[in-house]
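# Analysis of the macromolecular model
What follows is the residue order along each chain.
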Amino acid sequence: MAISITCPGCQSVYPVPETLAGKTIRCKKCGEMVAVTAPAAPAVARAVARPVAAKPAARVVDDDDDAPPARARRDRDDEDAPRKPEKKGSKLPLVLGAVLGGLVIGAAGVGALFAAGLFGDSKPNDVAETTRPTVTPSVTNPGGRDDEEKPTTSAKADTRKPPKTDGDGPLVVGPAPSITPPPMATTGPMTSGRTIPDNINAIALKKCKDATVFFDVESRPGRRATGSGWVGLEKNLIFTNSHVVGMKSPGSKKPVKMTAYLYSGTPRQKEIPHSRLEILAVDREADLAVIRVLNEPDMPPPLEVRPSAELTELEKAVILGFPGGYTLAEITNSSKQPSVTVNATNVGAVRRNNFGNLSGVQFNGGSAPGGSGGPIVDMNGDVIAVLYMGPRDAVLASAACYGVPTEYVTGLIAGRVAEVEYGQPFRKGGKVHIPVTAHCLDPFERLKSVGVASWVGETNGRTRPPGAERTGQEQSDANYQEVALTYKHGKDDSVAAGELVLPPLPTGRSYWAQPYYANARVARQWQAGNKIELTGAPVDLEPADLSVRYRPGAKRTLKLANKSSLVEFQEGEGADKSERLQVETKMEMTETVQRPWQGESAAVATLLLNYDSLHLNAQLGLKSQDDILPKEFRNLLDMGIKKVQGAGHVNKYGEIYKTASDVRGVGQFAQLFKVFSDDALESLMSTSIYLPNTRVEPNFKWTNSKSHRLLAAFADGSEMFGPEPKEGSGRGRQAPKTRTRSYRYQQDVTYTYLGTRMRGGVKEAVIKIEGKIVTAPGTKAENGARGLLKGHAYIDLDTGTVLEAEVEKELEIDTSAGGVKKRISGINTYKLSRGSAVTN
């Protein structure tokens, strides 16, 4: 019996066999995917073997209907080869080790505290709650010809040709995912609504094992690690984590050497050399990478993908990969690469954010270092997540690990908008103009258009939901318009840009925006609509004199904040690295402008800082503030900081080029307080602006390169303030012995003058800051640096003083020493705010 279907794309009507009911096929005329719905039948009670929650196959979508805002995420490295034992340290690089180290991290920021044994001999957990965009289950063609029925899991390889790319293929290092859901794949089968058996059968398990790939990667000379991956969607595509190929950090380059092993550790083992592995795309925030294998006929059959959004708690799953890397092969006295490891687990939770959007999949253990990038499959052998993070601790490893939702896998190759940025608004022709930049992931050039809708709405309005249709409008919304952005595909970055033109903003109202896009599969996909968080009031496009005019005797209140999320880890330990410590220091002080100190011939002024208060906050996983920063330690800081002074020397371009700390007033704790003073001064340096000392027009750009340092401090000992003194000795507790390590790096910065504005009776120039972090000249080759920075600053046009600034740095520095390979990675945000000047 035939079923009549209608194509939603071209409206063609034609019959198909009844056996295709519940499947999704491709229209013979326009290629649109069409769901085949069976005629309604009388309900009959019958037994069903563990059905999963299936979504009606009413249509095929390329994306989900929603996704959360992005949040910074930790990466983890997998097993190095060969592996070296880690040296045991005291239980105390302590709070100084865990907090100050990063805390002081000058240009890199607070928190690098490398407490290898901060909480005892066991290392901190590497698992953290993270967010990922959510997606709605989709249905795509289950494989084979469009007009015939095929089993959804097949041992036969997909012989379709790969999508076309130019040259070596586009490399997309994606920015943080925005509130956009990743689109579904436009190639390869994605299963949905399948009946799940109680156990995986031998045929399905063998297919999964065959498709699991072992990686040996040299991300740069002398830095070698191993990881896992899997063949999926098409026979020549391999998916893994971005950190497995060494490309999760900011500014990461392609690995210098990468080898993939098919059928690893078996008689069929096949080595795929670097020259035949093409990295097509990288989404470093989602921690995913897709690689194409060139000229290899003997590929394993590709695994199919099932939407992670369908998963339910306690559903059975299997994790495949190569935990331990070469270590397991050595244990079994094998001279080959390791064979695949299979671990049973269960779905622990399908994590969602505050908006109810899918953010990640938690499993009840089964991971270990070296397994990153491996497939996590259900009892049909369909991939339901990609392993990316798990704890080092053996007890915790049996309880939890995390997987990237498969919606990210399919979204990586379909083309989507990843992040939308709204620039500094400006006034022109009686209207407010807001620059818009949309960063896109589009390795196969499948995005057709990108745009943004905007309107004026209530300040406390609700987020407009994402989806195929725009919904959630409010009656008070006004001045609605849609603006098509100019899209430019690039090998390393694909960007769509344009301007929103809006009326002046009435009191009590806000500007709102909702991005959308179309690709080969969807006519329009809306992202969530949100209030535009402007960087400040609109500026006037007029020339300005950007010159330095410091006035000796002037006093200002000054607030400096340094928020840091850093970690140092030893390579060769895979995921065995300290959990990222979140540290924030806020310092208030009085700044006095003095004439240049004697001997400072390059200075036009010296800024003397008298510290008034120090607020320190820290977070490490689920540990409380008191666990990380003992009250005794915080009281010490509150009492002692007022006895400390800092100084910064200003050159003729307005830069703080040299600093000093005077800690003689705090006695035995001098070294400790020098760490905090140096950190504040590093924040001051990082928020100082190099001015051109000339009159400039709007959008004038100038550049500057400057050397910075990352200063890491540690405390030795087993107690925070040394051992308790013996009773009757008359001695108090001794200060901890503090040691520091310093690393230099260079910032290449581009400044852009955007315009002027009035604030608090002061006329300010608005400056945009962008730049790269590179290895400083003369630095040891093994201590290379890379990263990005961005921010803004507001300059007092009367004096050339920075009144307000915020600069975010994301960097990685190689800290290898003594044959031990280590690196520091993290994100650092500096903020500065100056009050009104008072002249004595």
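Residues numbered from 1 in each chain as written. Predicted model: local features only at pLDDT ≥ 70, side-chain atom pairs only at ≥ 80, totals over all residues. Heavy atoms only, no water.

### Some words on the overall build of the protein chain
When helices and strands are counted, the protein chain shows eight helices and 42 strands. Buried residues in the protein chain amount to 58% of all 840 residues. Residue pairs in contact within the protein chain that sit at least 24 positions apart in sequence constitute 73% of those at least 6 positions apart. Accessible surface for the protein chain amounts to roughly 33800 Å². Of this, 51% is attributable to carbon and sulfur atoms. (Helix = DSSP H or I, 4+ residues; strand = E, 2+ residues; numbered from the N terminus. Buried < 20%, exposed > 50% of the residue type's maximum accessible area, 1.4 Å probe, protein only. Contact = heavy atoms within 4.5 Å. Areas by Shrake-Rupley, 256 points an atom, 1.4 Å probe, with all protein chains shown as cover.)

### Focus: the sheet that holds strand β6 (residues 223–231)
Read from one edge to the other, the open sheet built from seven strands follows the order β9-β8-β5-β6-β7-β11-β10, with strand pairing classed as antiparallel. Taken across any chain shown, the strands that pair with only one partner, and hence form the sheet edges, are β9 (270–272) and β10 (277–283). The sheet shows a mean angle of 30° between the axes of neighbouring strands, taken without regard to direction. Pairing analysis gives eight bridges linking strand β5 (residues 212–220) to β6, with the strands arranged antiparallel. Of the residues in β6, the one forming a bridge with R220 is R223. Along the sheet, helix α2 (residues 202–211) makes contact with β5 and β6, crossing β5 at roughly 15°. Here helix α5 (residues 406–414) sits on the sheet in contact with β6, β7 (237–240), β10 and β11 (288–293), set at roughly 60° to β11. (Pairing = 2+ DSSP bridges. Axes fitted to C-alpha atoms, helices over the stretch in contact; angles between N-to-C directions.)

### Some points on the packing of aromatic side chains
Evaluated as defined, the whole model comprises 10 aromatic pairs. Between Y516 and W526 the ring centres are 4.8 Å apart and the planes differ by 55°, which places this aromatic pair in the tilted class. Residue Y516 is located in strand β25 (residues 509–519), and its partner W526 is located in strand β26 (residues 525–526); the two are separated by 10 residues in the primary sequence. Through successive ring pairs, a cluster of aromatic residues spans F214, Y261, F322 and Y326. The ring of W512 has R464 sitting right over it, with the charged end atom 4.7 Å from the ring centre. Above the face of the W455 ring, R470 is positioned so that its terminal group lies 4.7 Å from the ring centre. (Phe/Tyr/Trp six-rings, centres within 6.5 Å; stacked < 30°, edge-to-face > 60°. Lys NZ or Arg CZ within 6 Å of the ring centre and 35° of its normal.)

### As for the confidence of the model for the protein chain
Low pLDDT marks regions whose predicted coordinates should not be analysed in detail. Taken residue by residue, the protein chain gives an average pLDDT of 74. The fraction at 70 or more is 68%. Low confidence marks residues 572–579, where pLDDT is under 50. Its contacts with residues over four positions away, or in another chain, come to 45 contacts. Counting contacts from residues 715–724, a segment whose pLDDT is below 50, to residues more than four positions away or on other chains yields 37 contacts. (pLDDT = per-residue confidence, 0-100.)

### A look at the environment of V350
Along the chain, the position of V350 falls in strand β13 (residues 341–352). For V350 and L311, which are 39 residues apart along the polypeptide, the C-alpha to C-alpha distance reads 7.0 Å.

### What to know about empty space enclosed by the protein
On inspection of all chains with the given rule, the structure shows nine cavities of 30 Å³ or more. Here the largest cavity defines a volume of roughly 120 Å³. If you trace the largest cavity, you find 15 residues lining it, with S686, S688, Q747, V749 and Y751 closest to the centre. At the level of elements, α8 (670–686), β36 (701–716), β37 (737–759) and β40 (801–814) are the ones that each hand at least two residues to the lining of the largest cavity. The class makeup of the residues in the lining of the largest cavity is seven nonpolar, five polar and three charged. (1 Å grid on protein atoms, 1.4 Å probe; cavity = no way out; pocket = protein on both sides within 12 Å on 5 of 7 lines; lining within 4 Å. Points joined across faces, edges and corners; volume = space filled by probe spheres on them. Nonpolar A, V, L, I, M, F, W, Y, C, P; charged D, E, K, R; others polar.)

### Side note on the pattern of salt bridges
Across all of its chains, the model carries 31 salt bridges by this definition. A salt bridge links E474 to R464, with the nearest nitrogen and oxygen atoms 4.0 Å apart. Here E474 is found in the loop between β21 (447–458) and β22 (478–484), whereas its partner R464 is found in the loop between β21 and β22, with 10 residues between them in sequence. Across the salt bridge formed by R757 and E764, the nearest N and O atoms sit 2.9 Å from each other. Grouping residues by exposure puts R757 and E764 together as buried. One salt-bridge network, in which partners are shared between bridges, spans R306, E310, E315 and D378. (Salt bridge = Lys/Arg side-chain N within 4 Å of Asp/Glu carboxyl O.)

### Focus on the nonpolar core
Ranked by size, the top nonpolar core spans 62 residues in total, and within it L546, Y611 and F673 carry the most contacts. Residues in contact with F673, not counting those within four places in the same chain, are L636, L637, G640, I641, V644, V663 and V666. One finds I196, F215, V305 and Y326 within the second-largest nonpolar core, a separate group that totals 58 residues. (Core = buried A, V, L, I, M, F, W, Y, C linked by side-chain atoms within 4.5 Å.)

### Comments concerning the side chain of K207
Mapped onto the elements of the fold, K207 is located in helix α2. Look at K207: it is buried, it has no salt bridge, and the nearest opposite charge is E304 at 4.7 Å. A polar atom in the side chain of K207 sits 3.5 Å from the backbone oxygen of P302. (Lys, Arg positive; Asp, Glu negative; His and termini not counted. Polar contact = N/O pair within 3.5 Å; in protein donor to acceptor, adjacent residues only side chain to side chain.)

### Section: the environment of K701
Looking at where K701 falls in the secondary structure, it is placed in strand β36. Expressed as a C-alpha distance, the spacing of K701 and Y753, which sit 52 residues apart in the sequence, is 6.6 Å. The residues touching K701, leaving out its near neighbours within four places in the chain, are T750, Y751 and T752. Separated by 3.0 Å, the side chains of K701 and T752 make a polar contact.

### Side note on unusual backbone geometry
Across residues other than glycine, the phi torsion is negative in most instances, and most of the peptide bonds are trans. Of note in the backbone geometry, D287 takes a positive phi value of approximately 60° without being a glycine. Topologically, D287 is positioned in the loop between β10 and β11. By relative accessible area, D287 is classed as buried at 0%.

### Considering the pairing of strand β17 (residues 401–405)
The side chains of a regular strand alternate, residue by residue, between the two faces of the sheet. Most of β17 sits out of view: five of its five residues are buried. Here strand β16 (residues 383–389) runs beside β17; their pairing, made up of four bridges, is antiparallel. The partner of L387 across the bridge, within β17, is G403.

### As for α8
Helix length check: α8, at 17 residues, gives a terminal C-alpha distance of 24 Å against a target of 24 Å (1.5 Å per residue), a fit within 8%. With 14 of 17 residues buried, α8 is to be regarded as a mostly interior element. (Expected span 1.5 Å × (residues − 1).)

### Notes on the packing of helix α7 (residues 631–640) against α8
Orientation of α7 relative to α8, taken along the N-to-C sense of each, is 75°, at an axis distance of 11 Å. Between α7 and α8, the interaxial angle falls into the category roughly perpendicular. Facing α7, whose interface residues are F633, L636, L637 and G640, α8 presents L672, F673 and F676. Residues of the contact of α7 with α8, tallied by class, amount to six nonpolar, one polar and no charged. (Parallel < 35°, antiparallel > 145°, perpendicular 65-115°, else oblique.)

### Focus: the pairing of β25
With 11 of its 11 residues buried, β25 lies for the most part within the structure. A two-sided burial pattern is seen for β25, the buried positions comprising R509, Y511, A513, P515, Y517 and N519 on one face and S510, W512, Q514, Y516 and A518 on the other. Where β21 lies against β25, 11 bridges are found, and the strand directions are antiparallel. Residue pairing across strands places W455 opposite W512, the latter belonging to β25. As judged from the two bridges shared by β25 and strand β27 (residues 530–531), these two strands associate in the antiparallel manner. Residue A513 lies in a different strand from β27, and its bridge partner there is N530. By the bridge criterion, two bridges tie β25 to β26 in an arrangement that is antiparallel. Its bridge partner lying in β26, Y516 is registered against W526. Remark: five residues form the turn of the hairpin made by β25 and β26, two consecutive strands paired antiparallel.

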